[in-house]
Amino acid sequence: MADILEKIAAYKRAEIAAAKRARPLAEIEREAKAANAPRGFAKAIARRLAAKDYALIAEIKKRELVDIGPSQLSKALRKKTSGGGGHGTR
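Quantities reported herein were computed from a predicted structural model and do not represent experimental measurements.

## Remarks on the pattern of salt bridges
Point 1. A complete count under the given rule lists four salt bridges for this structure.
Point 2. For Glu27, the salt bridge identified is with Arg23, shortest N-O distance 3.4 Å.
Point 3. Here Glu27 falls in the partly exposed class, since its relative accessible area comes to 26%.
Point 4. The salt bridge partner of Arg48 is Asp53, with a shortest N-O separation of 2.9 Å.
Point 5. Of the residues examined, Asp53 reaches a relative accessible area of 31% and is grouped as partly exposed.
Point 6. A cluster of three or more residues bridged by salt bridges with shared partners is formed by Arg23, Glu27 and Glu31.

## What to know about a nonpolar patch on the surface
Point 1. A cluster of nonpolar residues, Ile4, Leu5 and Ile8, forms a patch on the protein surface that exposes about 280 Å² of accessible area.
Point 2. The topology assignment puts Ile8 in helix α1 (residues 2-22).

## Considerations on the confidence of the model for the protein
Point 1. Chain-level pLDDT for the protein is 81 on average; 76% of the residues reach the 70-or-more range.
Point 2. Across residues 84-90, where pLDDT falls below 50, the model places 14 contacts with residues more than four positions away in sequence or in other chains.

Scoring rules and cut-offs
- Residues numbered from 1 in each chain as written.
- Predicted model: local features only at pLDDT ≥ 70, side-chain atom pairs only at ≥ 80, totals over all residues.
- Heavy atoms only, no water.
- Salt bridge = Lys/Arg side-chain N within 4 Å of Asp/Glu carboxyl O.
- Buried < 20%, exposed > 50% of the residue type's maximum accessible area, 1.4 Å probe, protein only.
- Patch = residues over 30% accessible without salt bridge, like charges linked within 9 Å, V, L, I, M, F, W, Y side chains within 5 Å.
- Areas by Shrake-Rupley, 256 points an atom, 1.4 Å probe, with all protein chains shown as cover.
- Helix = DSSP H or I, 4+ residues; strand = E, 2+ residues; numbered from the N terminus.
- pLDDT = per-residue confidence, 0-100.
- Contact = heavy atoms within 4.5 Å.

Pasting the structure below:
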């Protein structure tokens, strides 16, 4: 087990070093300072919940898009939760 963890750690160290060479920290900091302010994610969720509306956080991975697209997923979730049964997504 220790050998596997050492291999993973070595790989990650090399990956991080390569990322630092490709994009220096100063560049990332400069871009972060120039970026727009955050959009208030937590406040948006709180507003929806206060209005007794659904506030769904979902992650759709590319592999899953083969079977169902985001709009189809959205429609399916709306249909499921509007029937009075599926309050698990609230």
